[in-house]
Amino acid sequence: QVQLVESGGGLVQPGGSLRLSCAASGFTFSSYGMSWYRQAPGKERELVASITRTGGFTNYANSVKGRFTISRDNAQNTVYLQMNSLKPEDTAVYYCKAVVFEVVYWGQGTQVTVSS
C-alpha cells in the first residue's frame, strides 16, 4: 500500500533553515509528481510546492518563492523541501502528497514551528 512518511520538522528561530523529507513506498515513485502542503492552526491546507516526476519542473506558492526548494531523489524514493529564511508565518504542519491512480495519499505530517 502507498505510504508517505515525513520527517525533519522541528522548532527553529526566524531566519533559520530546515530540510523536510518524505519517504515514499508502495508505488512507482519515479512515475508520479509529488507535492508539499501545509496547514496552520485555524487555516485551510495550502499547496507549498510541487515537482514533476523527473524533477524537471517545480512550482511554488508565492509566499515561499525564493526561500523554499523542492527536490526529489528517485533512487531513494524521497522528496525533499529545503526551507530557508523561515518566518513565523511558516509555522504549520507540513504534509507530503501523492496522487496515484487518481487516489490522493497524504503523509502523517511533520510540525514546523518558527519562533524565537
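This one's a predicted model, so the numbers in the text were calculated from it and none came from an experiment.

Novice: What is the right way to look at the sheet that holds strand β1 (residues 3-7) in this model?
Specialist: Backbone hydrogen bonds are what pair the strands of a sheet, in a parallel or an antiparallel way. Judged by pairing direction, the sheet is antiparallel, and its four strands sit side by side in the order β1-β3-β8-β7 without closing on themselves. The open sheet terminates on both sides in strands that have one partner only, identified here as β1 and β7 (68-73). Each neighbouring strand pair of the sheet contributes to a mean axis angle of 15°, computed without reference to strand direction.

Novice: How do you make sense of the pattern of salt bridges when you look at a structure like this?
Specialist: Close approach of charged atoms allows side chains with opposite charge to pair. Summed over the entire model, instances satisfying the criterion amount to three salt bridges. With its nearest N and O atoms 2.9 Å apart, the salt bridge here joins Arg38 to Asp90. Note that Arg38 is positioned in strand β4 (residues 34-39) and Asp90 in the loop between β8 (78-83) and β9 (92-100), a separation of 52 residues in sequence. Each member of the pair, Arg38 as well as Asp90, carries the same accessibility label: buried. Each of Arg38, Glu46, Arg67 and Asp90 takes part in one network of salt bridges that share partners.

Novice: What am I meant to see in the environment of Gln82 here?
Specialist: Mapped onto the fold, Gln82 is located in strand β8. Beyond its immediate sequence surroundings of up to four residues, Gln82 is in contact with Ser17, Leu18, Arg19, Arg67, Phe68 and Thr69. A distance of 2.9 Å separates polar atoms of two side chains, one belonging to Gln82 and the other to Asn84.

Novice: It is not clear to me how the packing of aromatic side chains should be interpreted in this structure. Could you clarify?
Specialist: Think of a pair of aromatic rings as described by two things: how far the centres are apart, and how the planes are tilted against each other in angle. Under the defined criterion, the tally for this structure stands at five aromatic pairs. Note on Tyr32 and Phe101: the rings are 6.3 Å apart at their centroids and 70° apart in plane angle, and the pair reads as edge-to-face. Highlighted residues: Tyr32 in the loop between β3 (18-25) and β4 and Phe101 in the loop between β9 and β10 (103-106), separated in sequence by 69 residues. In this structure Tyr32 comes out as buried when scored by relative accessible area, which is 17%.

Novice: I tried to follow unusual backbone geometry on my own but got confused; where do I start?
Specialist: With the exception of glycine, the majority of residues adopt a negative phi angle, and the majority of peptide bonds are in the trans configuration. Backbone geometry at Asn77 places phi at a positive 50°, although glycine is not the residue there. The phi torsion at Phe101 lies on the positive side, around 50°, for a residue other than glycine.

Novice: Explain a nonpolar patch on the surface here, please?
Specialist: A grouping of Val99, Val104 and Trp106 is seen on the molecular surface, where their side chains present a nonpolar patch of about 240 Å² in accessible area. Relative to the helices and strands, Val104 is located in strand β10. Using a relative accessible area of 41% as the deciding quantity, one classes Val104 as partly exposed.

Cut-off values and rules
- Residues numbered from 1 in each chain as written.
- Predicted model: local features only at pLDDT ≥ 70, side-chain atom pairs only at ≥ 80, totals over all residues.
- Heavy atoms only, no water.
- Pairing = 2+ DSSP bridges.
- Helix = DSSP H or I, 4+ residues; strand = E, 2+ residues; numbered from the N terminus.
- Axes fitted to C-alpha atoms, helices over the stretch in contact; angles between N-to-C directions.
- Salt bridge = Lys/Arg side-chain N within 4 Å of Asp/Glu carboxyl O.
- Buried < 20%, exposed > 50% of the residue type's maximum accessible area, 1.4 Å probe, protein only.
- Contact = heavy atoms within 4.5 Å.
- Polar contact = N/O pair within 3.5 Å; in protein donor to acceptor, adjacent residues only side chain to side chain.
- Phe/Tyr/Trp six-rings, centres within 6.5 Å; stacked < 30°, edge-to-face > 60°.
- Patch = residues over 30% accessible without salt bridge, like charges linked within 9 Å, V, L, I, M, F, W, Y side chains within 5 Å.
- Areas by Shrake-Rupley, 256 points an atom, 1.4 Å probe, with all protein chains shown as cover.

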